Amino acid sequence: VVKKLAILNGDGIGPEVTAQAVKALDAIGVIYNHSFLFSEALIGNAAIAATGSAFPKNTLSTCLDCDAILFGAVGNNEENELQDVKVKARPEQGILAIRKALKLFANLRPITSYRALLHLSPLKASVVENVDILIVREAISGIYFGEKIVATASNAASDICSYDSNQIEQVTHIAFKYAQQRRKKLTLVDKANVLETSRLWRQTVKKIANEYKDVLVEYMFIDNIAVKIITSPEQFDVVLTESLFGDIISSEASLLVGSLGLLPSASIGSQIALFEPVHGTFPKAAGKDIANPIGSILSAAMALEYFGLHKEASHVKIAVEWALDNSFVTRDINSINYYFTSTLGDLIADFILGKIPDSVNPENIELRKSTII
Ligand code: IPM
Ligand code: MN
């Protein structure tokens, strides 16, 4: 097949990790005889510097001309956030605006634990060994997109959280459909003991549940799942929630797999889809070739899945598991004995290309390792 992908590198480690996902896709293209055509466009700080906008018109038209988008990361250093309050354009507007413009209402964040990395979680291996959760996060409504008021004179600010049932319905159908293909359980996360919007979510989900009678539905408050997701994560299959709760719970869930750097995501809507690692820009690591490219590489695998290229998607996942099993990992996973971002990308691409035998003696790849040992 021929597929066009927009490459939006963004800020911080975005360009470095996305480059490794491109290598993996190129390798898949060679082996399965597909053409992946890439067009780069600006987003985030680079876009602000060039055009004044975090999501310029040119970038939108590049995206609309493609079958899918591979996204890096956008954002500033967290510690500088307050200083930047007065700055008009914020890099985060890049991702928020693109989700909104392309109506990417469902943000899918799979959380799967890896046997080789169980020891990395701050949680007991016995707790995390069978984790397989799909977080379905509503991504274009709610408090992120509600009216924002800054009343400088009275020193007050507000962010409105509002939902209507259509916005809830479209993402809920997606969540139920995934649940049907998985373990047939859906947990709606909300704060229905306090929030009106949460009560609307419950009511809407209850109604739609009648169309998916084979799926078991349960309801859980956000503060409760914040505990349960780390004490008994194996009980969750599909977790459906609104944008802010989904942001928080998906970062928390990264503890289950050992590193935020491993997590991929997909944002889907009615037409085009966007694929991005869950991690942010990791400014301290930018340009150092030490970031973990696996979140981005697995996001590319999700893109293949979305194209209906299932064999190809699982080939990428097998390559990633091979790397992890053989301790070909970046510094976030092993701070002493680690490989560089670009080296790991090359290794994974080489594995896909069949250039590396199934059982490998790590000594032979010693030269591609960091210089620390
Ligand atoms: C995420 C990020 C974004 C979000 C930020 C950068 C706006 O944290 O994708 O999880 O909150 O959606
Ligand atoms: Mn987040």
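Each chain carries its own residue numbering, running from 1 in the written order of its sequence. Working convention: letters from A go to chains and numbers from 1 go to ligands, in the order in which they are written. Residues qualify for local features only when their pLDDT is at least 70, as the model is predicted, and side-chain atom pairs are given and counted only at 80 or more; totals for whole chains, interfaces and linings, by contrast, use all residues. Where side-chain values are given, they derive from all heavy atoms of the structure, hydrogens and water being excluded.

Asker: Before we move on, can you summarise the packing of helix H1 (residues 14–32) against helix H12 (residues 341–352) with the specific residues and values?
Answerer: The convention used is that axes are lines fitted to C-alpha atoms, helices contributing only their stretch in contact, and that angles between N-to-C directions extend from 0 to 180 degrees. Put simply, DSSP marks the helices as runs of H or I at least four residues long and the strands as runs of E at least two long, and each gets a number from the N terminus on. Running from N to C, H1 and H12 point in directions that differ by 10 degrees, and their axes come no closer than 9 Å. Comparing the axis directions of H1 and H12 gives the class roughly parallel. Both H1 and H12 take part in a crossing whose hand is right-handed. Facing Glu16, Gln20, Lys23, Ala24, Ala27, Ile28 and Ile31 of H1, the residues of H12 in contact are Thr341, Ser342, Gly345, Asp346, Ala349 and Ile352. Note on residue classes: Ala, Val, Leu, Ile, Met, Phe, Trp, Tyr, Cys and Pro are nonpolar, Asp, Glu, Lys and Arg are charged, and everything else, Gly too, is polar. Grouping the amino acids of the contact of H1 with H12 by side-chain chemistry returns six nonpolar, four polar and three charged. Note that the term roughly parallel is reserved for angles under 35 degrees, roughly antiparallel for angles over 145, roughly perpendicular for angles of 65 to 115, and oblique for everything else. Should the near helix be turned counterclockwise from the far one by less than a right angle, the crossing is left-handed, whereas a clockwise turn marks it as right-handed. Contact criterion: two residues are considered in contact whenever any of their non-hydrogen atoms come within 4.5 Å of each other.

Asker: Explain the pattern of salt bridges residue by residue, including any values.
Answerer: Salt bridge, as used here: a side-chain nitrogen of Lys or Arg that lies within 4 Å of a carboxyl oxygen of Asp or Glu. If you walk through the whole model with that rule in mind, you get 14 salt bridges. Note that Arg183 and Asp132 form a salt bridge whose closest N and O atoms lie 3.8 Å from each other. Of this pair, Arg183 sits in the loop between helix H6 (165–181) and strand S8 (185–190) while Asp132 sits in strand S5 (residues 132–138), and the two are 51 residues apart along the sequence. Throughout, exposure labels follow a simple rule: accessible area from a 1.4 Å probe, protein chains only, divided by the maximum for the residue type, with under 20% read as buried, over 50% as exposed, and the rest as partly exposed. Residue classification places Arg183 among the partly exposed residues on the basis of a relative accessible area of 41%. The residue Lys207 makes a salt bridge to Glu169 at a minimum N-O spacing of 3.0 Å. Note that Lys207 is positioned in helix H7 (residues 196–209) and Glu169 in helix H6, a separation of 38 residues in sequence. When salt bridges with common partners are traced through the structure, they connect Asp132, Arg182, Arg183 and Asp237 into a single cluster.

Asker: For the pairing of strand S9 (residues 216–221), give the residues involved together with the corresponding values.
Answerer: One face of the sheet, then the other: side chains in a regular strand alternate in exactly this way. At least two bridges found by DSSP between two strands are what make those strands a pair. Relative to S9, S8 runs parallel, the two sharing six bridges. Looking across to S9, one finds that Lys185 is bridged to Leu216. If you view a crossover with the strands going away from you and the path from the first strand over the helix to the second runs clockwise, you call it right-handed. Regarding the hand of the β-α-β motif, the stretch spanning S8, H7 and S9 is right-handed.

Asker: Report on the nonpolar core, specifying residues and quantitative values.
Answerer: Side-chain atoms within 4.5 Å are what join buried Ala, Val, Leu, Ile, Met, Phe, Trp, Tyr and Cys residues into a set we call a nonpolar core. The biggest cluster of nonpolar side chains holds 91 residues, and the ones touching the most others in it are Leu108, Ile111, Ile133, Ile225, Leu240, Leu256 and Ile348. Top element by residues in this core is helix H10 (residues 294–306). It accounts for eight residues. Contact partners of Ile111, with chain neighbours within four places excluded, come to Val131, Asp132, Ile133, Ile135, Ser250, Ala253, Leu256, Val257 and Leu263. Core analysis: the next-biggest nonpolar cluster, separate from the first, contains 16 residues, Ala41, Cys66, Leu104 and Ile272 among them.

Asker: Which residues make up the packing of aromatic side chains, and what values do they have?
Answerer: Between the rings of Phe, Tyr and Trp (Trp by its six-membered ring), a pair exists once the centres lie within 6.5 Å; its type follows the angle of the planes, with under 30 degrees stacked, over 60 edge-to-face, and the other angles tilted. Considering all chains together, one arrives at eight aromatic pairs under this definition. Considering the side-chain rings of Phe275 and Tyr306, the 5.6 Å spacing of their centres and the 55 degrees angle between planes classify their relative orientation as tilted. With Phe275 in strand S12 (residues 273–277) and Tyr306 in helix H10, this residue pair connects regions lying 31 residues apart in the sequence. A residue is classified by how much of its surface remains accessible, and Tyr306, at 34% relative accessible area, is partly exposed. Aromatic pair Phe328 and Tyr339: ring centres 5.2 Å apart, planes at 90 degrees, arrangement edge-to-face. Taken together, the residues Phe328 in the loop between helix H11 (310–325) and H12 and Tyr339 in the loop between H11 and H12 connect sequence positions 11 residues apart.

Asker: Mind laying out unusual backbone geometry, listing which residues take part and the relevant values?
Answerer: For Asn33, which is not glycine, the phi dihedral falls at a positive 65 degrees. When you line up the elements, Asn33 lands in the loop between H1 and strand S2 (35–40). Accessibility expressed as a relative area gives 67% for Asn33, which makes it exposed. Positioned with a positive phi, Asn155 is a non-glycine residue whose angle comes to about 55 degrees. On the accessibility criterion, Asn155 (74% relative accessible area) is exposed.

Asker: Any chance you could break down the pairing of strand S6 (residues 148–151) for me, citing the residues and the numbers?
Answerer: Bridge count between S6 and strand S7 (residues 156–159): four bridges; the pairing is antiparallel. The residue bridging Val150 from the neighbouring strand is Ala157, located in S7. Counted between consecutive antiparallel strands, the loop separating S6 from S7 contains four residues, among which Asn155 sits at a positive phi close to 55 degrees.

Asker: I'd like a rundown of the sheet that holds strand S10 (residues 238–241), residues and numbers included.
Answerer: Read from one edge to the other, the open sheet built from 10 strands follows the order S2-S1-S3-S12-S11-S4-S5-S10-S8-S9, with strand pairing classed as mixed. Strand pairing shows two members of the sheet lacking a second neighbour, S2 and S9, which therefore form its edges. Going from strand to strand, the sheet's axes swing by 25 degrees on average, the running direction of each strand aside. Together, strand S4 (106–112), S5, S8, S9, S10 and strand S11 (264–268) form the strand contacts of H6, whose direction differs from that of S10 by roughly 175 degrees.

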